[in-house]
Amino acid sequence: MTEETGLLRTLAEDLSVVVARDPSLTSRREALGHTGLSAVWAHRVSHRLYGRGMRTAARTIARISRRRTGVEIHPGAVLGRRVFIDHGSSVVIGQTAVVGDDVTIYQQVTLGAVGWWADNHRPSGARRHPVVGDGVILGANATVLGPVTIGDHALVGAMATVTEDLPPGARVYAARSVIRPAPGPRAVPPLGAGPVPVARTGAAGPGVPPVAARTGGPVVASVGDRPPLSVSDAVRELASAGSW
Ligand SMILES: CC(C)(COP(=O)(O)OP(=O)(O)OC[C@H]1O[C@@H](n2cnc3c(N)ncnc32)[C@H](O)[C@@H]1OP(=O)(O)O)[C@@H](O)C(=O)NCCC(=O)NCCS
Ligand SMILES: CC(=O)OC[C@H](N)C(=O)O
């Protein structure tokens, strides 16, 4: 990770990185509205305030940023240069995390601690969060927990969980979803045809008698032994119950 550089130069780099790494953007102007960029910029400021002992101001900026972007970065976390957060929603980066240069972070990534029940036994000031090397890629929903080290240029795939050190260049993949052949064709009714009729043949639960689907019109819901409702009946019922 390189030495800290001037704030303005770092912010300008952050902007260039978003244009370079998000193919959905075509210009720097468009990139100004990028969620991840806002989060990184806010953190650059809050981290500097935190380092100068202005914890309340730092926390306030982090909180506003979280509300606007969905990205929660503790002001104490260290972010390298050209860190790219794409989309950003639900990214959480803990207080003692260190993120290297040129790291890419997709939505829902957690750089977290293992939990207070273990961390409260660590010596005061001990690290609880990961150190992420330069050029690492953290896929959507990747979770890295504890004071582990992710080697440079490693890739933690989408949905993967890591709780141990990774050597440089390592690849971690979560189990893939199971793919099965389609059980049969699924009819797609034309728009405006109303809800697809739901055939209820089994009992809804212990002691609840089965409900047969009404044959004369569309059915959207049935509960217990009540007859199924049409959309307009359901809307009318909700409105009259005051729960609309
Ligand atoms: C980190 C955590 C997974 C550790 O689990 P633990 O039970 O406390 O402790 P261990 O690391 O000893 O794990 C126990 C076993 O589960 C296994 N294990 C841990 N994570 C696993 C996972 N994601 N999938 C499968 N097995 C896992 C370990 O390999 C170990 O197996 P072993 O006994 O055969 O070696 C658990 O404490 C946790 O999920 N904490 C919450 C962390 C969190 O949400 N942080 C967010 C902060 S923002
Ligand atoms: C992000 C995270 O690890 O949260 C857990 C706890 N707040 C802590 O800082 O340790």
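Residues numbered from 1 in each chain as written. Chains lettered and ligands numbered in written order. Predicted model: local features only at pLDDT ≥ 70, side-chain atom pairs only at ≥ 80, totals over all residues. Heavy atoms only, no water.

(A) Fine view of the side chain of D86. The residue D86 is located in the loop between strand 3 (84–85) and strand 4 (92–93) in this model. Leave out the neighbours within four places in its chain, and D86 touches D22, H34, I105, Y106 and Q107. (Helix = DSSP H or I, 4+ residues; strand = E, 2+ residues; numbered from the N terminus. Contact = heavy atoms within 4.5 Å.)

(B) Inspection of the sheet that holds strand 10 (residues 143–145) at higher detail. The strand order 1-4-7-10-13 describes an open sheet built from 5 strands, whose pairing is parallel. Strands with a single pairing partner mark the edges of an open sheet, and in this sheet they are strand 1 (72–73) and strand 13 (161–162). Here strand 10 pairs with strand 13 via 2 bridges, running parallel. When the sheet's bridge partners are listed, V144 is paired in strand 13 with V162. (Pairing = 2+ DSSP bridges.)

(C) Here's a closer look at the nonpolar core. If you look at the biggest cluster of nonpolar residues, it comprises 30 residues, and the most contacted ones within it are I93, I105, L111, L138 and I150. Beyond its immediate sequence surroundings of up to four residues, I93 is in contact with E72, I73, H74, A77, L79, I105 and L111. Grouped together as the second largest cluster of nonpolar side chains are 7 residues, L15, V18, A31 and L37 included. (Core = buried A, V, L, I, M, F, W, Y, C linked by side-chain atoms within 4.5 Å. Buried < 20%, exposed > 50% of the residue type's maximum accessible area, 1.4 Å probe, protein only.)

(D) A look at the environment of I73. You can see I73 is positioned in strand 1. Owing to a relative accessible area of 7%, I73 belongs among the buried residues under this scheme. For I73 and L138, which are 65 residues apart along the polypeptide, the C-alpha to C-alpha distance reads 15 Å. In this view, I73 contacts A39, H43, A62, L79, I85 and I93; residues no more than four positions away in its chain are not counted.

(E) Representation of the site of ligand 1. In the vicinity of ligand 1, the contacting residues are T110, G112, A113, V114, W117, L145 and T161. Contact between ligand 1 and A113: a nitrogen atom at 2.9 Å from a main-chain N or O atom of the residue. At 2.8 Å, a backbone N or O of V114 approaches a nitrogen atom of ligand 1. When ligand 1 sits alone it has 930 Å² of accessible area, and the protein chains cover 29% of it. For the shell around ligand 1, the residue count by class is 4 nonpolar, 3 polar and no charged. (Near = heavy atom within 4 Å. Polar contact = N/O pair within 3.5 Å; in protein donor to acceptor, adjacent residues only side chain to side chain. Areas by Shrake-Rupley, 256 points an atom, 1.4 Å probe, with all protein chains shown as cover. Nonpolar A, V, L, I, M, F, W, Y, C, P; charged D, E, K, R; others polar.)

By themselves, these are just geometric observations and shouldn't be taken as functional.
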